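Listed below are the residues making up each chain.
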Amino acid sequence: AAEPWPENAALYQQLKEEQILLSDNASSLAVQAFLQMCNLPIRVICRANAEYMSPSGKVPFIHVGNQVVSELGPIVQFVKAKGHSLSDGLDEVQKAEMKAYMELVNNMLLTAELYLQWCDDVTVEEITHPRYGSPYPWPLNRILSYQKQWEVKRKMKAIGWAGKTLEQVLEDVDQCCHALSQRLGTQPYFFNKQPTELDALVFGHLFTILTTQLITDELSEKVKNYSNLTAFCRRIEQQYFEGHEKDSSTVAARSSKTSL
Amino acid sequence: QSLEPLPVPGPDFGALGEEAELVEVEPESKQEILENKDVVVQHVHFDGLGRTKDDIIMCEIADVFKAKNLIDVMRKSHEAREKLLRLGIFRQVDVLIDTCQGDDALPNGLDVTFEVTELRRLTGSYNTMVGNNEGSMVLGLKFPNLFGRAEKVTFQFSYGTKETSYGLSFFKPRPGNFEKNFSVNVYKVTGQFPWSSLRETDRGVSTEFNFPIWKTSHTLKWEGVWRELGCLARTASFSVREESGHSLKSSVSHAMVIDSRNSSILPKRGALLKINQELAGYTGGDVSFLKEDFEFQLNKQLFWDSVVSASLWGGMLVPIGDKPSISYNCVFYLGGPTSVRGFSMYSIGPQSEGDYLGGEAFWAGGVHLYTPLPFRPGRGGFGDLFRTHFFLNAGNLCNLNYGDGPRAHLQRLAECIRWSYGAGIVLRLGNIARLELNYCFPMGVQAGDRICDGVQFGAGIRFL
């Protein structure tokens, strides 16, 4: 904890062009945004086996000095232990509120993304299976893909989402965006002047949804209904990512639509 | 290291008797002494055949008809009995030699009768196995002689101190030529390797052909394996963490073995030469390499019941293509009580933060002197299972830069040699395994190697 942030800190995720899926891309972008907001430099390294390298099995994870930390929550704690924090200025009530909204994003948005990727048959067949198994030879690509799908479906059953239809899921997304839009209002960030990890998380998910081409545009349309959310995304992109566009070793966000 | 798919997937050697028993000669009422008289074997009878087909029996006993005198008949019958037992389809084989009765009987005609008891259609077994420094409990189900020609289907489940595995195997020998056989195996093996902080799960399919050529026995094998690697602990080094994940290996391999030793555990004389090569990547999968390794051992008996033994191992792994995807399960490891003694298990060579990564080339050699225990306690009985043992081991393991020539490679393997010497006691466990307890002095230790100087215990099948 006493060591300063090293120059060669690295963030690992799956291969950007061919392999990474919507939900993982969103999580990775959220962490990148958070680190940008803390002004901590990080390199993005793409590996086909990033998911298996991670100690918790989830991407992204960061390799800082000798430590390996995965997922936004633990990364925020880790960064705080090194003396950087975005939410120090908040009081207890605000912190609790921030946690609640982050839970909302994780339970609603992330789960909806997973549902769309793994439980919607058309998306699974045309996008998810080809992408997820792309670094591997036949028949391993099929085996791994089916194995992951079975795992996600089991999780969906456990949280009660297995019975939902796509329309219901999109409704949930809409409600979530509505709540976020209401909280954001006309402020630049969720807690007025300064961005917090909540902003990073919301940006990661919404920006990825807006810029990823799926089978249909239904998901991104739900987000586009709320103009303050799209403005929020554009603002954060311009402030924290545009300047680094030319530097190829940082950041994965692009303003043009990336096809998934 | 490599994970062996299962214990004993190949030919199963049934109870090979060591004495020639159950050969009865019934004298005729005339009490003629038939020894050394010319005889003709007129009939060979079989009692007790059920589902076994005739053609494989015919091949095994064909020689009996060629016997010319009584001693020959006895010997050839005994050999035929051994061959029949080797098929692994009979629980018991008894041989009866009698003079010929009946109308067409010649005065010097003989009848040979084989009384056999076939194995049941399904047998179960429970064994404990000693592998290289680990023990396991093996449950097995076997269907011997499935279709009548000594085909065998085996299912095994092995639960061990380090690994759990199961597998299904189908074995078929060629009728008349048991050494020519093929088998198909499907398996799942899990292993833990604390010296590399690595956990490995292999699921695979393999098919192999065995055949003899003159005095050598050859094996040709295709194997497709789905390998999954993971970190054994959170403290695994990042180099090992980078290797986690899945890969598919599809490889063709060939092995040649010449073995003239009198036993595989503590042989007294004879030599062994094993040469193995494996080519991966040309039949699918995403791992490409060419791997060569050999094992040589020479034993000679000296005065006073002592044996001197020399052995040499070596191997090289050449990655093919531009994908540098050599994972830690394809490389060689060195060190340990079954390899260069005096060093910890597989703890020689390239390492990262305490995790040993193995190397692409290695060699190891040993010279041993085995003598009976001093003062020969328990002679003639239990004491004969023990030997005292003096050894000198040496070896080296490194990665090669394939841009340099072979000269540079030899030079790399010749510098920084690790070696050790010491003495100890060896215990022979049946014909399967051996235990060693040695006092070792490791030398030539390089930075990063982990040593085990002093007392070291080892159990296994294959020792340097």
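Residues numbered from 1 in each chain as written. Chains lettered and ligands numbered in written order. Predicted model: local features only at pLDDT ≥ 70, side-chain atom pairs only at ≥ 80, totals over all residues. Heavy atoms only, no water.

Let's talk about the interface of chain A and chain B
Moving on, step 1. Taken together, the contacts link 18 residues of chain A with 13 residues of chain B.
Moving on, step 2. Summing the contributions of chain A and of chain B, the shared interface buries around 1300 Å²; its carbon and sulfur component is 64%.
Moving on, step 3. When the buried surface of chain A facing chain B is broken down by residue, Met53, Pro137 and Leu140 of chain A rank first, second and third, together holding 33% of it.
Moving on, step 4. Summed over the shared surface of chain A and chain B, the result is one salt bridge.
Moving on, step 5. Residue Glu242 of chain B pairs with Arg47 of chain A through a salt bridge whose shortest N-O separation is 2.8 Å.
Moving on, step 6. On the surface where chain A and chain B come into contact, there are five residue pairs in polar contact (both at pLDDT 80 or more).
Moving on, step 7. Mapped by element, the contributors of at least two residues to the side of chain A that touches chain B are helix 2 (50–53), strand 3 (61–64) and helix 6 (140–158) of chain A.
Moving on, step 8. The element contributing the most residues to the side of chain A that touches chain B is helix 6 of chain A, with four residues. (Contact = heavy atoms within 4.5 Å. Buried area = accessible area lost by both parts, 1.4 Å probe. Salt bridge = Lys/Arg side-chain N within 4 Å of Asp/Glu carboxyl O. Polar contact = N/O pair within 3.5 Å; in protein donor to acceptor, adjacent residues only side chain to side chain. Helix = DSSP H or I, 4+ residues; strand = E, 2+ residues; numbered from the N terminus.)

Some words on helix 8 (residues 197–211) of chain A
Moving on, step 1. In this model, helix 8 of chain A (15 residues) spans 21 Å end to end at C-alpha, consistent with the 21 Å of a helix rising 1.5 Å per residue.
Moving on, step 2. Among the 15 residues of helix 8 of chain A, 15 are classified as buried, and the element is accordingly described as predominantly covered. (Expected span 1.5 Å × (residues − 1). Buried < 20%, exposed > 50% of the residue type's maximum accessible area, 1.4 Å probe, protein only.)

Overview of unusual backbone geometry
Residues and elements named next belong to chain A.
Moving on, step 1. With omega at 0 degrees, the peptide bond leading from Val59 into Pro60 counts as cis.
Moving on, step 2. With respect to the helices and strands, the residue Pro60 is situated in the loop between helix 2 and strand 3.
Moving on, step 3. Despite not being glycine, Asn39 has its phi angle at roughly 65 degrees, a positive value.
Moving on, step 4. With respect to the secondary-structure elements, Asn39 resides in the loop between helix 1 (22–37) and strand 2 (43–46).

Here we look at the nonpolar core
Soluble globular proteins tend to bury their nonpolar side chains together.
Residue and element names in this part refer to chain A.
Moving on, step 1. Counting 77 residues, the largest nonpolar core has Trp5, Phe34, Leu35, Ile62, Phe203 and Phe232 as its most contacted members.
Moving on, step 2. Top element by residues in this core is helix 4 (residues 92–119). It accounts for eleven residues.
Moving on, step 3. In this structure, Phe203 is in contact with Leu29, Ala33, Thr208, Phe232, Cys233, Ile236, Glu237 and Phe241, ignoring residues within four places of it in sequence. (Core = buried A, V, L, I, M, F, W, Y, C linked by side-chain atoms within 4.5 Å.)

Quick word on the pattern of salt bridges
All names here are of chain B.
Moving on, step 1. Enumeration according to the criterion identifies 23 salt bridges over all chains in this entry.
Moving on, step 2. The partner of Glu228 in a salt bridge is Arg203, and the shortest N-O contact between them spans 3.5 Å. Highlighted residues: Glu228 in strand 11 (residues 216–231) and Arg203 in strand 10 (residues 198–213), separated in sequence by 25 residues.
Moving on, step 3. What makes Glu228 partly exposed here is its relative accessible area of 27%.
Moving on, step 4. A salt bridge links Asp449 to Arg418; the shortest N-O distance between them is 2.7 Å. One end of the pair, Asp449, is in the loop between strand 21 (433–443) and strand 22 (454–460); the other, Arg418, is in strand 20 (residues 418–429), and 31 residues separate them in sequence. Accessibility classification places Asp449 together with Arg418 in one group, the buried group.
Moving on, step 5. Each of Asp72, Arg75 and Lys76 takes part in salt bridges that share partners, so that together they form one network.

Here we look at the sheet that holds strand 2 of chain A
Residues and elements named next belong to chain A.
Moving on, step 1. Taking strand neighbours across the sheet as the criterion, the four strands line up as 2-1-3-4 in an open arrangement whose pairing is mixed. At either margin of the open sheet sits one strand with a lone partner, and together these are strand 2 and strand 4 (67–70). Each neighbouring strand pair of the sheet contributes to a mean axis angle of 25 degrees, computed without reference to strand direction.
Moving on, step 2. Sheet strands in contact with helix 1 are strand 1 (10–13), strand 2 and strand 3, and its direction is about 165 degrees off that of strand 1.
Moving on, step 3. Helix 3 (residues 72–81) contacts strand 3 and strand 4 of the sheet and is inclined by roughly 135 degrees relative to strand 4. (Pairing = 2+ DSSP bridges. Axes fitted to C-alpha atoms, helices over the stretch in contact; angles between N-to-C directions.)

Here we look at the UniProt feature "domain: Metaxin glutathione S-transferase" (unreviewed entry) in chain A
Moving on, step 1. Listed under "domain: Metaxin glutathione S-transferase" (unreviewed entry) in the UniProt record, and renumbered for this structure, are residues 174–236 of chain A.
Moving on, step 2. Within residues 174–236 of chain A, the helical portion is 68% and the strand portion 3%, while the C-alpha atoms at the span's ends are 21 Å from each other. (UniProt positions renumbered as here; feature names shortened; annotations may be inferred.)

Topic: the packing of helix 5 (residues 121–132) of chain A against helix 6 of chain A
If you want to describe how two helices pack, look at the angle between their axes and the distance between the axes.
Residues and elements named next belong to chain A.
Moving on, step 1. Here helix 5 crosses helix 6 at 115 degrees, and the two axes come no closer than 8 Å. The way helix 5 lies across helix 6 gives a crossing that is right-handed. Residues Val124, Glu125, Thr128, His129 and Tyr132 of helix 5 pack against Arg142, Leu144, Ser145, Tyr146, Lys148 and Gln149 of helix 6. (Left-handed = near helix turned anticlockwise from the far one by under 90°.)

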